[in-house]
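Per-entry structural report
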Amino acid sequence: MQNYVLITPAHNEELFVEQTFLSISRQTVPPVRWIVVNDGSTDQTGKILERCRAQRPEMVEVIHLKRPDGRDFGNKVRAFNAGLARAEGLKYAFIGNLDADISLQPEYYERILAEFGNDAGLGIAGGMVSSCIDGKFVRQDVSLDSVAGAVQLFRRACFEGIGGYLALPNGGIDAAAEIMARKSGWKVSTFPEISVLEHRRTGTATTHPLVARIREGRRLHSLGYGFVFFTMRCVRRSMEQPRLIGSIAAFCGYLGALVKRDPITLPPDVVAYLRREQRGKLIRALRQAASIDRP
């Protein structure tokens, strides 16, 4: 069964949500339901979504929620779970989280579902995201055993097996989900030949890019990232925009959280698994570098 459900939490997404609707409405294998949760938007998002629903009422469902005051990283999980509740009773084997600023090729989900069909152990899959930065789409530097949260598609058994998304105080729900999936024995894969366009880089909708990178550092500390691995990650990504200073900002965010002994929000066994995984990646990278240096 290739049936899938998509859920999109949307907050103030008037600029791009209609493009996302067009992408979904043109899919060669459409979802049995696309549930869009208007999470307390104060712009025209709600009206745009109602127009979209009127065009495809058999596919699109819109939920309007009130949003609590203040910034809360749990809002996305709350909105996602509201959409998930509406999917109860539908027959589907896959469930996807889709951001409201994404454009996809018409065959996108057909190709992703084919990958699931080829590998019964595949738990989370998605295409390679290119984000719009200064008017140009720049391909993200994503490990192939990770999937950008903007387009995570889960095998339903995987999603339910890990308990869904966790409401984490510093965010990182997508990273936490894939760490737990890998720990549970599921494969997590990005397929670089399947492209995704993100019209606005994640985390920059209402935040300056440098502030977003500082928060990224705090977030990855809260997930349990090891110091050496995170430092090497900053070095490797130092040429991403904003160049060098972005990695410095992320490192400062991580270091500040480390010095203040901010809490790590994932369970100890999950953190232990993550750090073993990171040590393995570092060892493989060192061995590869050593083999290249040999005459």
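Going by the structure above, here's the rest.
In this report, we go over the structure that sits alongside the text. These numbers come from a predicted model, not from an experiment.

1. Focus on unusual backbone geometry
Of note, Asn12 is a non-glycine position whose phi angle comes to about 55°, a positive value. Along the chain, the position of Asn12 falls in the loop between β1 (4–10) and α1 (17–25). You will see that Asp134, though not glycine, has its phi angle at about 55°, which is positive. With respect to the helices and strands, Asp134 occurs in the loop between β6 (122–133) and β7 (136–139).

2. Some thoughts on helix α3 (residues 74–86)
It helps to recall that an α-helix has 3.6 residues per turn; residues three or four apart then point in one direction. If you check α3, its first and last C-alpha atoms are 19 Å apart, about what 13 residues at 1.5 Å a residue would give, namely 18 Å. Every buried residue of α3 is listed here: Gly74, Asn75, Val77, Ala79, Phe80 and Gly83. Buried-residue contacts for α3 involve β1, β2 (33–39), β3 (60–65), β4 (94–97), α5 (156–161) and α6 (173–183).

3. Thoughts on the packing of helix α7 (residues 209–223) against helix α9 (residues 245–259)
Two numbers describe how α7 lies on α9: the axes approach to 7 Å, and their chain directions differ by 40°. Taken as axis vectors, α7 and α9 run oblique relative to one another. Crossing handedness for the pair α7 and α9: right-handed. Packed against α7, whose contacting residues are Leu210, Arg213, Ile214, Glu216, Gly217, Arg218 and His221, the element α9 presents Ile245, Gly246, Ser247, Ala249, Ala250, Gly253, Tyr254, Ala257 and Leu258 at the interface. Of the residues assigned to the contact of α7 with α9, the class counts are eight nonpolar, five polar and three charged.

4. Observations concerning the pattern of salt bridges
This structure, assessed with the given rule, holds 18 salt bridges. For Asp145, the salt bridge goes to Lys281, with nearest N and O atoms at 3.1 Å. Of the two residues, Asp145 sits in the loop between β7 and β8 (153–155) while Lys281 sits in helix α10 (residues 268–293), which places them 136 residues apart along the sequence. In this structure Lys281 comes out as partly exposed when scored by relative accessible area, which is 23%. Note that Lys183 is salt-bridged to Asp269, the shortest N-O span being 3.3 Å. Here Asp269 lies in helix α10 and Lys183 lies in helix α6, a separation of 86 residues in the sequence. Connected through shared salt-bridge partners, Arg33, Glu61 and Arg86 make up one network.

5. Focus: the packing of aromatic side chains
Tallied over the entire structure, the rule returns 13 aromatic pairs. Ring pairs connect the aromatic residues Phe80, Phe154, Phe159 and Tyr165, which therefore count as one cluster. Positioned over the ring face of Tyr92 is Arg156, at 4.0 Å from the centre of the ring.

6. Let's talk about α9
Between its first and last C-alpha atoms α9 spans 20 Å; for 15 residues at 1.5 Å apiece the expected length is 21 Å, and the two agree. Summarising the contacts, the buried residues of α9 are in contact with α7 and α8 (227–236). Downstream of α9 by one or two residues, Arg261 has phi in the positive range, about 60°.

7. A look at the environment of Glu13
In this fold, Glu13 is placed in the loop between β1 and α1. With a relative accessible area of 12%, Glu13 lands in the buried category. Residues Glu13 and Ser41 lie 28 residues apart in sequence; the distance between their C-alpha atoms is 7.8 Å.

8. A few points about a nonpolar patch on the surface
Where nonpolar side chains cluster on the molecular surface, the patch consists of Phe227, Val228, Met232, Leu255, Leu258 and Val259 and spans about 530 Å² of accessible area. When residues of the nonpolar patch are traced back to their parent elements, those giving at least two are α8 and α9. Relative to the assigned elements, Val259 resides in helix α9. Accessibility expressed as a relative area gives 64% for Val259, which makes it exposed.

9. Looking at the packing of α1 against helix α2 (residues 45–55)
Where α1 contacts α2, the axes come no closer than 10 Å and their chain directions differ by 20°. For the element pair α1 / α2, the angle class is roughly parallel. Relative to α2, the crossing made by α1 is right-handed. Residues Val17, Glu18 and Phe21 of α1 form the contact with α2, whose own contacting residues are Ile48, Leu49, Arg51, Cys52 and Gln55.

10. A closer look at the pairing of β6
Among the twelve residues of β6, eleven are classified as buried, and the element is accordingly described as predominantly covered. Strand direction decides the pairing type here: β6 and strand β9 (residues 187–198), joined by nine bridges, are parallel. Looking at β9, one finds that Gly127 is bridged to Phe191. For β6 and β8, the ladder comprises two bridges, and the chain directions are antiparallel. Counterpart to Ala125 in the pairing with β8 is Leu153. Of the pairings in the sheet, the one linking β6 to β7 comprises four bridges and is antiparallel in character.

About the cut-offs
- Residues numbered from 1 in each chain as written.
- Predicted model: local features only at pLDDT ≥ 70, side-chain atom pairs only at ≥ 80, totals over all residues.
- Heavy atoms only, no water.
- Helix = DSSP H or I, 4+ residues; strand = E, 2+ residues; numbered from the N terminus.
- Expected span 1.5 Å × (residues − 1).
- Buried < 20%, exposed > 50% of the residue type's maximum accessible area, 1.4 Å probe, protein only.
- Contact = heavy atoms within 4.5 Å.
- Axes fitted to C-alpha atoms, helices over the stretch in contact; angles between N-to-C directions.
- Parallel < 35°, antiparallel > 145°, perpendicular 65-115°, else oblique.
- Left-handed = near helix turned anticlockwise from the far one by under 90°.
- Nonpolar A, V, L, I, M, F, W, Y, C, P; charged D, E, K, R; others polar.
- Salt bridge = Lys/Arg side-chain N within 4 Å of Asp/Glu carboxyl O.
- Phe/Tyr/Trp six-rings, centres within 6.5 Å; stacked < 30°, edge-to-face > 60°.
- Lys NZ or Arg CZ within 6 Å of the ring centre and 35° of its normal.
- Patch = residues over 30% accessible without salt bridge, like charges linked within 9 Å, V, L, I, M, F, W, Y side chains within 5 Å.
- Areas by Shrake-Rupley, 256 points an atom, 1.4 Å probe, with all protein chains shown as cover.
- Pairing = 2+ DSSP bridges.

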